[in-house]
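Here is what each chain is made of, one letter per residue.
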Amino acid sequence: MSERSALSETGSTVAPAPDLTPGRGTTSHARDIGKGFLVKLILVMLVDALGVYGIITAFGIGHWPIVISLVVGLVVVNWVYFSRRMVPLKYLLGGLIFLLVYQVFVMAYTGYVAFTNYGTGHMLTKEQAIERLQEYNQVRVPDSPTYPLTVLQRDGEIYFGIVDEGKALVGSAEQPLEEVSGAEVVQAGETTQRIASAPGFETIDFAGLLNLDQDISTIRVPWSSDPTSGSLSTDFGANGFRNQPALTYDADEDTMTHVETGVIYYADDNGSFTAADGTTLTPGWRVSVGFDNFKRMITEERLSGPFFTAATWTFAFAFLSVATTFALGLFIAITFNDERVRGRKIYRSLLILPYAFPGFLSALIWAGMLNRSYGFINQTLLGGAYIDWLGDPWLAKIAIIGVNLWLGFPYMFLITTGALQSIPSDINEAARIDGAGPFRVFRSLTLPLLLVSVTPLLIASFAFNFNNFSLIYMLTKGGPVYVGNEYGLGSTDILISTVYKIAIEGGGAKDYGLASAMSIIIFLVVGLVSYIGFRRTRSLEEIN
C-alpha cells in the first residue's frame, strides 16, 4: 500500500489520493524514445549545429558578447527541451528568444548607438583605425627596393609576383604576399630574378596589360599581414616598388606623424587624429559623445530646419490621415448601414478593393498617375494641364494625404461598419421617440458609442501613419528635395524617412548615431501619444 493509502474510521479502505504535485515524470528519455522525441532530438540538434557554427564564427572575429550569448542560449534550449520540469517554458522559449533578439537587443543597441559618433568615418575601434591609416597612407620613399614584376591573374583577380631573397612571392590587394611553391623563376638581370609562371595563375604579358579593365597602378598589395611592413605597387607593370607607411604611430604620445611633412596629428575627443591646423585623418574611431546627437537636431543649422519641418509635417500627416480616412469610412458605413439602400453587399465588396491591393504597389501606381507630364490625372482628367503634383512642396503634401485617403478609408469603413452594427437599435428608436433629430442622435448617441470601440484602433492608425515610410518613399521619396541639403532631405519627408536618409541613403556620410537619436525621439512621441490616447479611452468607457 502506498503512503497515501489510509483506513476510514469505519474500517473501510480509502482509495489513495492522486499525486498532483508537479515535478519529475515517471519515465525517462532512456526508456521512452518515441517518434516525438526523435523529432525533438533532430530539431534541437539542428539548433545546436547552427549555434556552434555561430560560436566558432564569433570566436574567430573575437566578438565575445555574441559568443557568451550563444553559449548561454544553447544551454538554456537543451535544458528546457530535455527537462520534464520545464513543460510550460517549452512553448514560450522560442517567442522569448525572438523577443530578446528582435526587440530588446535592437532597442538596447539603438540606445547605445544614439550616444556615440558611430557612422561613416567612425565605424572602427581605435586599434583598427590606426591599422587602416597606416595601410591606406603609404608612400614610395627614395631608397625603397625595386623588383622585376610579373602580373598574374586568377579567378578574375589581379596578383603581383616578385622574387625577394630567392623566394617567389605572390599577392593581391586582398591577400598579402606569400611564397608560392613550384613557380618558374628566370634571370631578369645580373642580380635580379622574375617569376615566369606560377601554378594556378595566368601570366599576363604586356599586350594583356593594355587590355585590362582595371588600372594596375592603383593596386596596393600588402607586404604582410602587418600594415606597418608596407606594400607593393607598380606604375606600368614592369617593376614593383615597396612602399612604406606615410604615418607612424607613437603609442606613448598617442599621435600620428607624417614621415614626409613631419606634421603631427593628435588624438581628440571626437575619435579622430587632428593636426594643429584642423586637418583630420580618416578613418576615425567610435567614441561616446553623450547627448551631442540630440543637441545637433536643435543647434546645427543644416539639421534643425529640416528636422522641425519634418516633425511638424509628421504630426499633421498622421492626424489628417486618421481624420480623413475615419470621416470618409464612417460616412460610407452610415450610408450603407441604412436598410433602405439596395445592393449594399455589392457596394461594400467594391469599396474594400483598395484595401486588397498591396499599399506600396498602389503608391507606385498613384505616382505614375500624378506625373506632371504624362500622368492620367493631368492628361485625361484635367485636359492636358501641367500641374506639378509631386514637385511642388504643398501640392506634394496634398497628394500624399489624398493617396493615403484612398488607401486607408476601406479599413475605417470596415471597422465602423462592425461597430455600428453592434449598437442596439432600440437606443436610437427611443431617442427618436423622445424627439431627437438624426444629427442629435448621431452626435449624442451613435458617435460616443462608436468611439468606445474604435478609439484604440484610431490610436493604432495614428501610430502606423506616424511611421508610414512606404507611402512617403514610394510616392515622393521625401521630395521635392531641399536645395543643397547634404542628406537629401525634402519637403515631404516624415521623421522615419528622415532617419532612413541619414542612416542609409544620405548623399553624404552615414550618421548612425544621429539616426538612432532621432529613432528614440520617434519612439518616445509614439509612446506618449498612445499612452494619452488609451487614458482618454477609459473616460469613453464610462458611457457604457
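Residues numbered from 1 in each chain as written. Predicted model: local features only at pLDDT ≥ 70, side-chain atom pairs only at ≥ 80, totals over all residues. Heavy atoms only, no water.

## Describing the overall build of the protein
Filter applied, for reference: To qualify as a helix, a DSSP run of H or I must reach at least 4 residues; to qualify as a strand, a run of E must reach at least 2; elements of each kind are numbered from the N terminus. The globule rule used here is 2.2 Å times the number of residues to the 0.38 power, and the radius of gyration it is set against is calculated over C-alpha atoms. Under the scheme applied here, a residue whose accessible area is under 20% of the maximum for its type counts as buried, over 50% as exposed, and between as partly exposed, the area being computed with a 1.4 Å probe on protein chains only. Contacts between residues were defined by any pair of non-hydrogen atoms, one from each residue, lying within 4.5 Å. Only the protein chains shown count as cover for residues, and the accessible areas themselves come from Shrake-Rupley with a 1.4 Å probe. None of His or the chain ends enter the tally, which takes Lys and Arg as positive and Asp and Glu as negative. We put the charge of a Lys on NZ, of an Arg on CZ, of an Asp on CG and of a Glu on CD.
A count of helical and extended segments in the protein gives 17 helices and 18 strands. Its C-alpha atoms give the protein a radius of gyration of 35 Å, clearly above 24 Å, the size a compact globule of 544 residues would have. Projected onto its principal axes, the C-alpha coordinates of the protein cover approximately 115 × 100 × 50 Å. Residues classed as buried in the protein amount to 37% of the 544 residues present. A separation of at least 24 residues holds for 57% of the contacts in the protein among residues at least 6 apart in sequence. Summed over its atoms, the accessible surface of the protein is roughly 32,200 Å², and 62% of this surface lies on carbon and sulfur atoms. Between the centroid of the 36 positive side chains of the protein and the centroid of its 48 negative side chains there is a distance of 18 Å.

## Quick word on the pairing of strand 9 (residues 184-187)
Here is the rule we go by: For two strands to count as paired, DSSP must find a minimum of two bridges between them.
Here strand 9 runs beside strand 10 (residues 193-197); their pairing, made up of 4 bridges, is antiparallel. Following the sheet pairing, Gln187 is matched in strand 10 by Gln193. In this structure, the hairpin formed by strand 9 and strand 10 is closed by a connection of 5 residues.

## Notes on the sheet that holds strand 17 (residues 264-267)
Hydrogen bonds between backbone atoms are what pair the strands of a sheet, whose relative direction is either parallel or antiparallel. Short version of the rule: Helix axes are fitted to C-alpha atoms over the stretch in contact, other axes to C-alpha atoms as well, and angles between N-to-C directions run from 0 to 180 degrees.
Ordered by their spatial adjacency, 4 strands build an open sheet running 15-16-17-18, and the pairing between neighbours is antiparallel. At either end of the open sheet lies a strand with only one pairing partner, and these are strand 15 (247-250) and strand 18 (273-274). Pairing of strand 17 with strand 18 involves 2 bridges; the strand directions are antiparallel. Bridging from a neighbouring strand, Ala267 pairs with Phe273 of strand 18. Each of strand 15, strand 16 (255-258), strand 17 and strand 18 is contacted by helix 4 (residues 126-136), which is oriented at about 150° to strand 15, the strand it contacts most.

## Description of the UniProt feature "transmembrane region" (unreviewed entry) in the protein
Counted only if it meets this: UniProt positions are given in the numbering used here, feature names are shortened, and annotations may be inferred rather than shown by experiment.
Listed under "transmembrane region" (unreviewed entry) in the UniProt record, and renumbered for this structure, are residues 37-56, 62-82, 91-115, 313-334, 346-369, 398-420, 441-464 and 512-534. Secondary structure within residues 91-115 divides into 92% helix and 0% strand; the distance between the first and last C-alpha atoms comes to 37 Å. As annotated, residues 512-534 has a helix share of 100% and a strand share of 0%, and its two end C-alpha atoms lie 33 Å apart.

## Focus on the layout of surface pockets
To keep things clear, this is the line we draw: The definitions used throughout rest on a 1 Å grid laid over the protein atoms alone, on which a cavity is an enclosed set of points accommodating a 1.4 Å probe that cannot get out and a pocket is an open set flanked by protein within 12 Å on both sides along at least five of seven lines; lining residues are those having an atom within 4 Å of a point. Grid points are joined across faces, edges and corners, and a volume is the space filled by probe spheres set on the points. Only Asp, Glu, Lys and Arg are considered charged in this grouping, and only Ala, Val, Leu, Ile, Met, Phe, Trp, Tyr, Cys and Pro are considered nonpolar; every other residue, Gly among them, is considered polar.
For the largest pocket, the calculated volume is near 1,100 Å³. Lining the largest pocket are 28 residues, and of these Ile66, Ser69, Leu70, Ile97 and Val101 sit closest to its centre. Counting only elements with at least two residues in the lining of the largest pocket, the list comes to helix 1 (35-60), helix 2 (64-81) and helix 3 (87-113). Ranked by the residues each element gives to the lining of the largest pocket, the list is headed by helix 2, at 10 residues. Looking at the lining of the largest pocket residue by residue, the classes come out as 19 nonpolar, 7 polar and 2 charged. Empty space within the second largest pocket amounts to approximately 680 Å³. Around the second largest pocket, the lining is made up of 18 residues, and of these Ile334, Asn337, Asp338, Asn428 and Arg432 lie nearest the centre. Broken down by element, the residue count for the lining of the second largest pocket peaks at 5 residues, all from helix 14 (residues 438-466).

## Quick notes on the pattern of salt bridges
Applied cut-off: For salt bridges, the criterion is a side-chain nitrogen of Lys or Arg within 4 Å of an Asp or Glu carboxyl oxygen.
Under the counting rule described, the total for this entry stands at 10 salt bridges. With a closest N to O distance of 2.6 Å, Lys126 and Asp254 form a salt bridge. Of this pair, Lys126 sits in helix 4 while Asp254 sits in the loop between strand 15 and strand 16, placing them 128 residues apart in sequence. In this structure Lys126 comes out as partly exposed when scored by relative accessible area, which is 22%. The exposure class of Asp254 is partly exposed, given its relative accessible area of 21%.

## Quick word on the side chain of Asp493
Inclusion rule: Two N or O atoms count as a polar contact when they lie within 3.5 Å, although within protein this holds only if one can serve as hydrogen donor and the other as acceptor, and sequence-adjacent residues are included solely when both atoms are side-chain atoms.
Examined against the element boundaries, Asp493 turns out to sit in the loop between helix 15 (469-475) and helix 16 (495-505). A distance of 2.9 Å separates the side chain of Asp493 from the side chain of Lys501, its partner in a polar contact. Residue contacts for Asp493: discarding those within four places in its chain leaves Ala310, Trp313, Lys477, Gly478, Gly488, Thr498 and Lys501.

## Focus on the domain arrangement of the protein
Accessible area lost when the parts come together is the quantity often used to give the size of an interface. The condition that has to hold: Residue ranges for the domains originate in an automatic or database domain assignment. Accessible surface is computed with a 1.4 Å probe, and the buried area is the amount of it that two parts give up when combined, taken over both parts together.
Domain boundaries assigned for the protein yield domain 1 (35-114), domain 2 (140-257) and domain 3 (298-542). Taken over C-alpha atoms, the centre of domain 1 sits 39 Å from the centre of domain 3. Between domain 1 and domain 3, the residue contacts involve 5 residues of the former and 7 residues of the latter. Both sides of the domain 1 and domain 3 interface together cover about 370 Å² of buried area, and 83% of this is carbon and sulfur. Per-residue buried area on domain 1 facing domain 3 is highest for Thr110, Val113 and Ala114; these three make up 79% of the total on that side. Viewed at the interface, domain 3 and domain 1 are joined by 0 residue pairs in polar contact (both at pLDDT 80 or more).

## Topic: the pairing of strand 14 (residues 239-245)
Burial within strand 14 is extensive, with 5 of its 7 residues counted as buried. With 2 bridges joining them, strand 3 (residues 138-139) and strand 14 adopt antiparallel strand pairing. Across the sheet, residue Val139 finds its bridge partner in strand 14, namely Gln244. Relative to strand 14, strand 4 (residues 146-148) runs antiparallel, the two sharing 3 bridges. Within strand 14, the residue paired with Thr146 across the bridge is Phe241.

## Considering helix 14
Applied cut-off: Each helix should span, by expectation, one fewer than its residue count multiplied by 1.5 Å. Working definition for bend: take the seven residues up to and ending at a residue and the seven starting at it, fit an axis to each, and measure the angle between the axes.
Here helix 14 is 29 residues long, yet its end C-alpha atoms lie only 35 Å apart, well below the 42 Å a rise of 1.5 Å per residue gives. The sharpest bend along helix 14 comes to roughly 55°, located at Val454, with the proline Pro456 sitting one to four residues further on.

## Topic: a nonpolar patch on the surface
What counts is decided by this rule: Each patch is assembled from residues with relative accessible area greater than 30% and no salt bridge, linking like charges that lie within 9 Å and nonpolar side chains (Val, Leu, Ile, Met, Phe, Trp, Tyr) that lie within 5 Å.
Side chains of Val87, Tyr91, Leu92, Leu96, Ile97, Phe98, Leu99, Leu100, Val101, Tyr102 and Val104 sit close together on the surface and give an oily, nonpolar patch of about 1,100 Å² of accessible area. Here Val101 lies in helix 3.

## Digging into the environment of Met474
By the element assignment, Met474 lies in helix 15. With residues near it in sequence (within four places) discarded, Met474 still touches Phe360, Ala363, Leu364 and Ala367.

## Section: the sheet that holds strand 5 (residues 150-154)
A sheet is described by the order of its strands in space; here 5 strands give the open sequence 8-7-6-5-11, paired in antiparallel fashion. Whereas interior strands pair on both sides, the edge strands pair on one side only; in this sheet they are strand 8 (178-179) and strand 11 (202-203). As paired elements, strand 7 (residues 167-172) and strand 8 share 2 bridges and run antiparallel to each other. Across the sheet, the residue bridging to Val170 is Glu178, located in strand 8.

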